[in-house]
Every structure is written in C-alpha cells, then in structure tokens.
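# Fold and contact review
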Amino acid sequence: MVSLLSSSSTAASSFSALILFLALLSVFQCISTTCAFVSKSPSSFFRMTNNDGLLLYSEAPSSSSAASSSNLSSTTIITTNPNAKPSDEWELDCYSRPVMVDGKKLWEVLITDSTGSFRLCETLASNKVNSRELRRVVDEAIENAQVKPNIVRFFRGAMFNMINIALSEIDVIAKPSRCTFALAQWLEERNLNVYPTMEGYRASMVGGSGRASFLDVRTPIKLPDALRGEKYAFVALPVAEFLPGGGINDENIGVGRLCPVDKNLPADEFVQGIVILTNRAEALASWLAGTELSGFYADLRKRTLVMETDIENQYLMAKLNDLQREEAAAFEEGKDKLNGLHFVSVQEDDESDPAGFWLLRAIPNNL
C-alpha cells in the first residue's frame, strides 16, 4: 500500500504532501465500463457527569433500578457539550435496546446533532412506539433547541416508515442516511458502557458485528461513465491532520464533509483513503455532495471496491487484481484499526486542490 507521509499541521502542507506524492503512487487506468482500481468515557444513562447536562420531566432513577422503573417511559435526559458548536443537521434513532423491562423490550429515542453539541435520550413505553409519539419527542426537542434543525438524518432502515411519517409533518428535511456519525459514536458508547449495567440487559439481543458480505445480496450499481474517474490510488494521511490544529478543515475540502474524529485516536496513526483523479472532478464532487456519501469498502472475496451512499445504495468503483487486492486488504485493515475512519479525495490531477474531500466512518452493523 502506498501512503502519504506527512506530519505538517498546516492546510497547505497537508494537501501539498497529498499532491507531491501522488506522482509516486501506483495508479491504474479505467478499462471499458469497469474502473480498475489504480471520548471521553460516556456517562451512564442515568448518571450525569456533564455539568452542563439538563434533566427534564423526571428525576432519573439509579442505574440498578432503571430498567424496572415505572416512570421509565416518561424519562428524558439531555446532556450538552459546551466545546461543540451547535449544528442545524440532526441525527435520530428510534429502536429497541438489549434490555428487557417487565418482560418487554426497552425502546429509546436518541437525538443529537452532527457535532455532538447535545444528546437527548427519551424512553418510550412499548405501546407508544408510533409516529405520533416520535413526532412529539422531536417537536419538543426542536422547541428547546439552541439551533433549530434543517436536516434530520436517520440510518435505520427497519424504522424507515415510522420515522419518515413522523418527520413529514415537521418543517425539516428528512434524510435516510448512514452519515449519522455522531449518533453512531453515541450508540457504541451506550452499547459498551450503559446497557450492560442495566437490570434486564440481554447480551443475546445485541446485533452481530462486522460486515457479513457473504450474506449481502445487494449488487452494486455501476457508476455512469460521465462520473467515472480516470485514475485511482490508495493513500494515507496522519490522524493529526484531522485533529484541532491540523491541516484539513472545513475551509479546504471543497464541497466535501468531515465526520467527527475521536480525539483519543493516536495522532501518529494513519487514516487510509482513496484519491480519485478525473478531468470531471467538479462534476463528480458535486454529484457526491448531492448524495449521502457514507463510505467505501473493499469486498476482498468479490475483488471489488464499493462506494456506499444514502441508506442502502452501493456503487461499483473498481475491480481488483491480485496486487490491488493486497492494497485493498491493507486499506480495510487500516480502517478497522481506526474504528472505520477513512477518506476520499476527488481532484483533477496531482497538482490540483480537491474539488471535494470527505472524511468518513464505516457505521458498525451491531447498532
């Protein structure tokens, strides 16, 4: 695998390194219609550790009695992060958790924004899991919000109809999307440190982990010829470039987007990425910006590189030969090492600035 070895903390040096070393990268030409691939620790659900947290509606019971509390369905907890700038892009989940309450599943509504400036958790009685009740929760969250949402993303396909109906009567844009990066991080924290401490926890109810590609019956769609890159390359950049004070930020990523980065990641580790070189960089970047680009993965068994967008769409980016498959394996290994973190950059050539740069994170399957 070819990496970009850069430790500079300025935007110019970061992308200069990207450009400088692209000339040395192993790249491959597109052939025919198929491109060759050239936190801090979370607080317990009921134990607030954030001094800026707000508790609404009811006093929270202790964690030992939380699952059996008769007031569980009316409990709403909001925590705030004063170090994060509030965003008008929200993320929402409504689903059952691996906890049984009086013989019934625990249901929760989780709402946060893309920067994690606030976190709202409201439990629902199992007989109140419906679009009307969900709409009430969202309406109340909006009424009390410092910044009103323009977009609300949700990733759970099993709840698509209910969530879509609930949001249809609210003045927001509902987006089915796997770009719920802040929400995914929160759910991972809860799965690890919150639910296992609750009375009624059932480990058997936790979903499986990892990408079971051999069970995935979806067939990636080929990209239109007009959107295909002429050259591709595997690259890497230090984690430090994405941390505060690093060289990559919202000012120099074109029409791209940056997902939140865990501040506890080692700054000297490398984030794996893909560079797409094309004369149609502006068109491709604009098209990607119009989708909910959520990530790339290499299917080593099928020898393909796949792009994922929206809630379940997949696009075939490349087929891999033996050498490329080895690079793709290193790409996946690097992703796993950094909890799915990776990036893609779209640019005209090795001397141009990115028309679009996306920092992405693969959402775990066990949420």
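Residues numbered from 1 in each chain as written. Predicted model: local features only at pLDDT ≥ 70, side-chain atom pairs only at ≥ 80, totals over all residues. Heavy atoms only, no water.

### Examining the nonpolar core
F242 and F296 are the most contacted members of the largest nonpolar core, which has 56 residues in total. For F242, the residues in contact, after removing those within four places along its chain, are L237, I248, V261, V271, F343, F357 and L359. (Core = buried A, V, L, I, M, F, W, Y, C linked by side-chain atoms within 4.5 Å. Buried < 20%, exposed > 50% of the residue type's maximum accessible area, 1.4 Å probe, protein only. Contact = heavy atoms within 4.5 Å.)

### Topic: the environment of E169
Within the fold, E169 resides in the loop between α3 (160-168) and β9 (173-176). Look at E169 and you get exposed, because its relative accessible area is 58%. Here the alpha-carbon distance between E169 and R132, two residues 37 residues apart in the chain, equals 9.9 Å. (Helix = DSSP H or I, 4+ residues; strand = E, 2+ residues; numbered from the N terminus.)

### Looking at the pattern of salt bridges
The final tally for this structure, using the stated rule, is 19 salt bridges. Among the salt bridges present, the one from E108 reaches R97, with a minimum N-O distance of 3.0 Å. One end of the pair, E108, is in strand β6 (residues 104-113); the other, R97, is in strand β5 (residues 89-101), with 11 residues separating them in the sequence. A relative accessible area of 0% means that E108 is categorised as buried. Exposure remark for R97: the relative accessible area of 3% places this residue in the buried category. We note a salt bridge from K175 to E292, for which the minimum N-O separation is 3.4 Å. Of this pair, K175 sits in strand β9 while E292 is found in the loop between α5 (281-289) and β14 (293-299), placing the two residues 117 residues apart along the sequence. Under the relative-accessibility criterion, K175 is labelled partly exposed at 26%. Here E292 falls in the buried class, since its relative accessible area comes to 7%. (Salt bridge = Lys/Arg side-chain N within 4 Å of Asp/Glu carboxyl O.)

### Quick word on the sheet that holds strand β15 (residues 304-309)
Strand order in the open sheet formed by four strands is β10-β16-β15-β14, and the pairing between neighbours is mixed. Two strands close off the open sheet at either side, each with one partner strand: β10 (221-222) and β14. Relative to strand β16 (residues 313-319), β10 runs parallel, the two being bridged by two bridges. If you follow K222 over to β16, its bridge partner there is L316. (Pairing = 2+ DSSP bridges.)

### As for helix α6 (residues 322-337)
Between its first and last C-alpha atoms α6 spans 23 Å; for 16 residues at 1.5 Å apiece the expected length is 22 Å, and the two agree. Here α6 has its buried residues at Q324, E327, A328, F331, E332, G334 and K335. Looking down the long axis of α6, one finds its buried residues gathered within 160° of arc, a one-sided arrangement. Those residues of α6 that are exposed and angled more than 90 degrees off the buried face are D322, E326, E333, D336 and K337. Backbone geometry just downstream of α6 places N339 in the positive-phi region, at approximately 55°. (Expected span 1.5 Å × (residues − 1). Arc of directions from axis to C-beta.)

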